[in-house]
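Fold and contact review
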Amino acid sequence: MKTAILGTGNIGTAIAQGLLKGTLTAPEDLICTVRSPASLERLRQILPETVRLSHDNVEAVRQSRLVFLAVKPLLVETVIEEISPYLTSDHLLVSVAAGVTFEDISGFIGKKGDSISLFRLMPNTALSVSQSVTLLSVRKISEDSEGFDFIRHLFDEMGICFPMPESLMAAGTLLTSAGIAFALRYVRAATEGGVALGFSPGIAKQLVIYTVFGALGLLLAHGSHPEEEIDKVTSPGGITIRGLNAMEEAGFTAAVLAGLRL
Ligand SMILES: NC(=O)c1ccc[n+]([C@@H]2O[C@H](COP(=O)([O-])OP(=O)(O)OC[C@H]3O[C@@H](n4cnc5c(N)ncnc54)[C@H](OP(=O)(O)O)[C@@H]3O)[C@@H](O)[C@H]2O)c1
């Protein structure tokens, strides 16, 4: 499908690279836009030369069916006003702008707003390593199951894509986008603990990374609850239960729950 990415910065570039690694987008079907010549030059260095690069959002929209809007949230209105005369009911408009609602987008489009298939997409930064948890919301009144399935399939190729009602997008973003930072704070803390136990920082980090990786592998392979896997490594009176209790006394679960509030 002919695809445009309007605003090919951090997340737009990760989407472009993910699309090109997948099986559904050929380089010659992709147009990426940016604002400055310097950004255009940067893209020229990292994307295949058959990907078209441009400053012209309107032309990109006219030549595409699938349109990703990946500018900063404050610029969404300006870019939509620029492209809205050229949007048709055939377009699939996908916004990745955090916090910009369907109602906002539809309002920016104006009269035609109700006839365009609108999607909100929230990937996380693991997109760049094809392991993004991506949330996908479709506006109910213009439900487009063909477009929805296609976009979902695109992002399943870059990790895993979850359909999400718009009402849960903010909560989902906290769990999955901010969640990257939360998970990495555990890795940082455990690495520091490893150094205190006598390992070099580099080895401590590797031990923690692969331990977390293995723990997640157990959950995925067994479909088990975390506590079942915890029980398997917790001997009565042993070092695991003493460690778990010390962490809880220091407020581990309470701290995570406090961080997961909107
Ligand atoms: N970063 C994340 O982890 C993440 C995750 C999920 C969603 N998001 C969302 O993704 C969006 C982009 O974030 P980002 O971090 O990728 O920002 P970014 O790196 O600043 O990228 C924005 C891009 O938009 C371009 N741009 C600005 N005005 C434009 C215009 N009028 N026409 C075409 N391109 C234009 C900029 O071009 P120049 O470089 O030439 O100025 C820049 O390349 C945000 O809405 C954010 O909420 C981000």
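Residues numbered from 1 in each chain as written. Predicted model: local features only at pLDDT ≥ 70, side-chain atom pairs only at ≥ 80, totals over all residues. Heavy atoms only, no water.

Thoughts on the overall build of the chain
Along its length, the chain carries twelve helices and eight strands. Each principal axis of the C-alpha distribution contributes one length, and for the chain these read about 70 × 40 × 30 Å. At a minimum sequence separation of 6, the contacts of the chain that also span at least 24 residues come to 64%. Distance between charge centres in the chain, computed from 21 positive and 27 negative side chains, equals 5 Å. (Helix = DSSP H or I, 4+ residues; strand = E, 2+ residues; numbered from the N terminus. Contact = heavy atoms within 4.5 Å. Lys, Arg positive; Asp, Glu negative; His and termini not counted. Charge placed at Lys NZ, Arg CZ, Asp CG, Glu CD.)

Observations concerning the site of the ligand
Around the ligand, a shell composed of 23 residues is seen, among which N10, I11, S36, S39 and V71 lie nearest. Its free accessible area being 900 Å², the ligand has 80% of it covered by the protein chains. When atom positions are compared with the pocket grids, the ligand is found to occupy the second largest pocket. Of the residues belonging to the shell around the ligand, the class tally is twelve nonpolar, nine polar and two charged. (Near = heavy atom within 4 Å. Areas by Shrake-Rupley, 256 points an atom, 1.4 Å probe, with all protein chains shown as cover. 1 Å grid on protein atoms, 1.4 Å probe; cavity = no way out; pocket = protein on both sides within 12 Å on 5 of 7 lines; lining within 4 Å. Sits in = over half its atoms within 2 Å of the grid points. Nonpolar A, V, L, I, M, F, W, Y, C, P; charged D, E, K, R; others polar.)

Examining the domain arrangement of the chain
The domain boundaries assigned to the chain delineate domain 1 (3-165) and domain 2 (178-259). Taking only C-alpha atoms, the centre of domain 1 and the centre of domain 2 are 36 Å apart. (Domains from an automatic or database assignment.)

Some remarks on the pairing of strand β1 (residues 3-6)
Side-chain alternation along β1 places T3 and I5 on one buried face and A4 and L6 on a second face that is also buried. Bridging between β1 and strand β2 (residues 30-33) involves four bridges; their strand directions are parallel. Paired with A4 across the bridge in β2 is I31. For the crossover from β1 across helix α1 (residues 10-21) to β2, the handedness is right-handed. Pairing of β1 with strand β4 (residues 66-69) involves four bridges; the strand directions are parallel. Note on β4: the bridge partner recorded for L6 is L69. (Buried < 20%, exposed > 50% of the residue type's maximum accessible area, 1.4 Å probe, protein only. Pairing = 2+ DSSP bridges. Right-handed = clockwise from strand over helix to strand, strands pointing away.)

Quick notes on the packing of aromatic side chains
Aromatic ring pairs: the centre-centre distance and the angle between the two ring planes describe each pair. For the structure on display, the rule yields one aromatic pair. Centroid distance F68 to F155: 5.9 Å. Interplanar angle 70°. Geometry classified as edge-to-face. Residue F68 is located in strand β4, and its partner F155 is located in helix α6 (residues 145-156); the two are separated by 87 residues in the primary sequence. Comparing F68 with F155, the two get one shared label, buried. (Phe/Tyr/Trp six-rings, centres within 6.5 Å; stacked < 30°, edge-to-face > 60°.)

Side note on a negative patch on the surface
A contiguous patch of negative charge on the surface is contributed by E77, E81, E103 and D104. Listing elements by their share of the negative patch, those giving two or more residues are α4 (76-83) and α5 (102-109). Structurally, D104 can be placed in helix α5. With a relative accessible area of 32%, D104 lands in the partly exposed category. (Patch = residues over 30% accessible without salt bridge, like charges linked within 9 Å, V, L, I, M, F, W, Y side chains within 5 Å. Salt bridge = Lys/Arg side-chain N within 4 Å of Asp/Glu carboxyl O.)

Comments concerning the pairing of strand β7 (residues 132-138)
Most of β7 sits out of view: six of its seven residues are buried. Across four bridges, strand β6 (residues 117-122) lies against β7 in antiparallel orientation. Along β7, the bridge assignment pairs R120 with S137. Across five bridges, the pairing between β7 and strand β8 (residues 159-163) is parallel. For L136, the partnering residue across the bridge sits in β8 and is P163.

Section: the layout of surface pockets
Volume-wise, the second largest pocket comes out at about 760 Å³. What lines the second largest pocket is a set of 31 residues, and nearest its centre among them are G7, G9, A70, V71 and K72. Going through the elements one at a time, α1, α2 (37-46) and α4 are the ones with two or more residues in the lining of the second largest pocket. Residue composition of the lining of the second largest pocket, by class: 14 nonpolar, 13 polar and four charged. (Points joined across faces, edges and corners; volume = space filled by probe spheres on them.)

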